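Working through the structure, step by step
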Amino acid sequence: MKLLFLDTPSFGKLDLINAFEQLGFTVQLFHHEKLHEYCCKEFDDDFDDFIAQDCYDFVFSLNYYPSISNGCNRNHLKYLSFVYDSPLVSLYSYTLINPCNYIFLFDKALYLDFAKEGITTIYYLPLCANTARLGAMQLPYDKRSILSSDVSFVGALYNESHNFLDRMTDLDDYTKGYINAIMDAQMKVNGYFFIEELLTPDIIASMKKSLEYHTQPGGTESDAYVYANYFLARKITSIERQNLLKAVSERFDTKLYTHNPTPTLPSIQNMGAVDYYEVMPHVFKNSKINLNITLRSIRSGMPLRAWDILGAGGFLLSNYQEDFFDFFVPGEDFDFFDGTEDLLTKIEYYLSHEKERKDIAENGFCKVAKQHTYLHRVRTMLETAGL
């Protein structure tokens with residue numbers, strides 16, 4: 001069997017290709033510069049020509065692309081999409097109901113929203129890890145000190161100087177006050193993202209006047225969705241991550257792996273960005289405690305970072321996300337924190353209980369290896385699509 005695999009810069013791409021090949025599939029890569037455009041004749045013609053050159057059983061992509069869905073619909077091909085990003089505005093497209101689609105979402109709360117609307121092309125499927133690859137990776141002993149630390153965090157702080165919300169320099173005082181108030185309220189609540197519900201028409205109109213968002217033709221996303229998830233959720237996450245890391249780094253040996261400078265975190269060791277495949281697993285293996293601080297637009301799902309930590313055999317300490325508890329037991333496979341003080345208390349506890357910490361990390365790794373690898377997920381997707 002042969003599949004057409006969308007060749008885009010995506011975490012997990014190599015692991016998925018490997019899983020398909022292990023199951024006997026031949027993988028043909030495809031890329032196009034106009035991929036992100038919903039309606040583009042140049043893309044449509046090139047895609048149809050490419051498809052006509054060979055016989056494919058289905059098309060696969062990480063994340064969802066309306067242009068690919070329409071192309072598969074025209075060519076009577078099944079389209080399998082495994083979504084690992086959130087927010088993902090392309091999900092809000094009329095193409096979502098194309099009968100060729102089998103779209104797998106890692107966030108159960110988001111899946112349920114679509115399911116309640118009667119969308120039958122959406123399925124819930126958590127992310128995963130390649131434990132065979134991650135477990136086999138070993139860093140030479142003389143280099144371990146470079147990546148070792150008591151606590152580490154790998155991820156963006158969304159602290160770039162021109163993030164979306166900070167570009168709104170001409171908001172009126174009422175709108176600024178309202179936005180700050182609902183962001184402050186959201187930061188006090190874990191497990192439920194309510195910002196979108198609180199953006200009134202007047203507030204949205206003010207935000208649009210300051211920095212307007214334009215939907216693509218065929219896009220169905222609401223203004224409230226865009227401003228809540230792309231503007232405010234990222235700003236909330238930026239504040240939360242910096243506040244938590246500041247508190248942690250002032251008490252514990254802490255390394256941060258991120259793209260941008262962090263002048264507001266003078267006690268942290270900013271190690272810069274690391275390669276996803278070659279270096280990041282070694283960070284997880286050589287850190288006593290690996291933090292997960294989830295992007296707020298991920299409603300209930302386990303982000304890929306959490307799976308990669310567990311799959312590398314690292315100890316995971318995460319903020320509360322409901323989907324964790326479908327698969328893992330806190331205090332047995334990982335642990336979670338609720339607020340700054342709880343985070344500091346648990347870091348201190350696990351740093352002083354080495355055997356318990358290592359046992360938990362081993363349990364998490366074994367559970368992922370037995371039930372949650374890319375091979376498991378590929379088999380589920382194929383079975384769901386009747387392939």
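Residues numbered from 1 in each chain as written. Predicted model: local features only at pLDDT ≥ 70, side-chain atom pairs only at ≥ 80, totals over all residues. Heavy atoms only, no water.

**Here's the deal with helix 3 (residues 66-75)**
Think of an α-helix as turning once every 3.6 residues; residues three or four places apart then point the same way. Most of helix 3 is tucked away, with 7 of its 10 residues classed as buried. Restricting attention to buried positions, one finds in helix 3 the residues Pro66, Ser67, Ile68, Ser69, Asn70, Gly71 and Cys72. Buried-residue contacts for helix 3 involve strand 1 (2-6), strand 2 (26-30), helix 2 (41-52), strand 3 (58-62), strand 4 (78-83) and strand 5 (101-105). Remark: His76 follows helix 3 within two positions and exhibits a positive phi of approximately 55 degrees. (Buried < 20%, exposed > 50% of the residue type's maximum accessible area, 1.4 Å probe, protein only. Helix = DSSP H or I, 4+ residues; strand = E, 2+ residues; numbered from the N terminus. Contact = heavy atoms within 4.5 Å.)

**Comments concerning the side chain of Ser149**
With respect to the helices, strands and loops of the structure, Ser149 is situated in strand 7 (residues 149-154). The exposure class assigned to Ser149 is buried, which follows from its relative accessible area of 4%. Within the local environment of Ser149, its side chain forms a polar contact with the backbone oxygen of Val151, the two atoms lying 3.0 Å apart. Those residues within four positions of Ser149 in sequence are excluded, and the remaining contacts are Asp253, Lys255, Asn286, Ser287 and Lys288. (Polar contact = N/O pair within 3.5 Å; in protein donor to acceptor, adjacent residues only side chain to side chain.)

**Comments concerning the nonpolar core**
Soluble globular proteins tend to pack their nonpolar side chains together in the buried interior. With 52 residues, the main nonpolar core has Phe47, Val59, Ile68, Leu91, Phe114, Leu199 and Leu232 as its most contacted residues. It is helix 10 (residues 223-249) that provides the largest number of residues to this core, a total of 10 residues. Beyond its immediate stretch of four places on either side in the chain, Leu199 contacts Ile182, Ile204, Met207, Ala224, Tyr227, Ala228 and Leu232. If you look at the next biggest cluster of nonpolar residues, it comprises 51 residues, including Leu16, Ala19, Leu127 and Ala385. (Core = buried A, V, L, I, M, F, W, Y, C linked by side-chain atoms within 4.5 Å.)

**Regarding helix 14 (residues 354-371)**
With 18 residues, helix 14 extends 26 Å between its outermost C-alpha atoms, agreeing within 8% with the 26 Å of an ideal straight helix rising 1.5 Å per residue. Regarding helix 14, the residues found buried are Arg357, Ile360, Ala361, Gly364, Phe365, Lys367 and Val368. One side of helix 14 carries all its buried residues, which in axial view fall inside an arc of 165 degrees. Opposite its buried face, helix 14 presents the exposed residues Lys355 and Lys370, each directed more than 90 degrees away. (Expected span 1.5 Å × (residues − 1). Arc of directions from axis to C-beta.)

**A short note on the side chain of His282**
Counting through the fold element by element, His282 comes out in helix 11 (residues 280-286). When its relative accessible area of 8% is taken as the criterion, His282 is described as buried. Each residue touching His282, except ones within four places of it in the same chain, is listed here: Met137, Gln138, Leu139 and Leu147.

**Some details on the sheet that holds strand 4**
In spatial order, the strands read 2-1-3-4-5-6; together these 6 strands make up an open sheet with parallel pairing. The open sheet has two edge strands, strand 2 and strand 6 (122-124), and neither has a second partner. Strand-to-strand twist of the sheet, defined as the mean angle between neighbouring strand axes without regard to direction, takes the value 25 degrees. As paired strands, strand 1 and strand 3 are joined by 3 bridges and run parallel to one another. Among the inter-strand pairings, Phe5 is bridged to a residue of strand 3, identified as Phe60. Helix 2 rests against strand 1, strand 2 and strand 3 of the sheet, and its axis sits at about 155 degrees to strand 2. (Pairing = 2+ DSSP bridges. Axes fitted to C-alpha atoms, helices over the stretch in contact; angles between N-to-C directions.)

**Describing the packing of helix 7 (residues 173-187) against helix 9 (residues 201-210)**
Remark: helix 7 packs on helix 9, axes separated minimally by 10 Å, with the N-to-C direction vectors making an angle of 110 degrees. By the angle between their axes, helix 7 is roughly perpendicular relative to helix 9. Crossing geometry of helix 7 relative to helix 9 is assigned as left-handed. In contact with Tyr174, Thr175, Tyr178 and Ile179 of helix 7, helix 9 contributes Ile203, Ser206 and Met207. Tallied by class, the residues present in the contact of helix 7 with helix 9 amount to 5 nonpolar, 2 polar and no charged. (Parallel < 35°, antiparallel > 145°, perpendicular 65-115°, else oblique. Left-handed = near helix turned anticlockwise from the far one by under 90°. Nonpolar A, V, L, I, M, F, W, Y, C, P; charged D, E, K, R; others polar.)

**A closer look at the pairing of strand 3**
Of all the 5 residues making up strand 3, 5 are buried; the element is thus mostly covered by neighbouring parts of the structure. The alternating pattern of strand 3 places Phe58, Phe60 and Leu62 and Val59 and Ser61 on opposite faces, both of which are buried. Sheet topology note: the strand 3/strand 4 ladder contains 5 bridges and is parallel. The residue of strand 4 that forms the bridge with Leu62 is Phe82. With respect to chirality, the unit in which strand 3 leads through helix 3 into the neighbouring parallel strand 4 is right-handed. (Right-handed = clockwise from strand over helix to strand, strands pointing away.)

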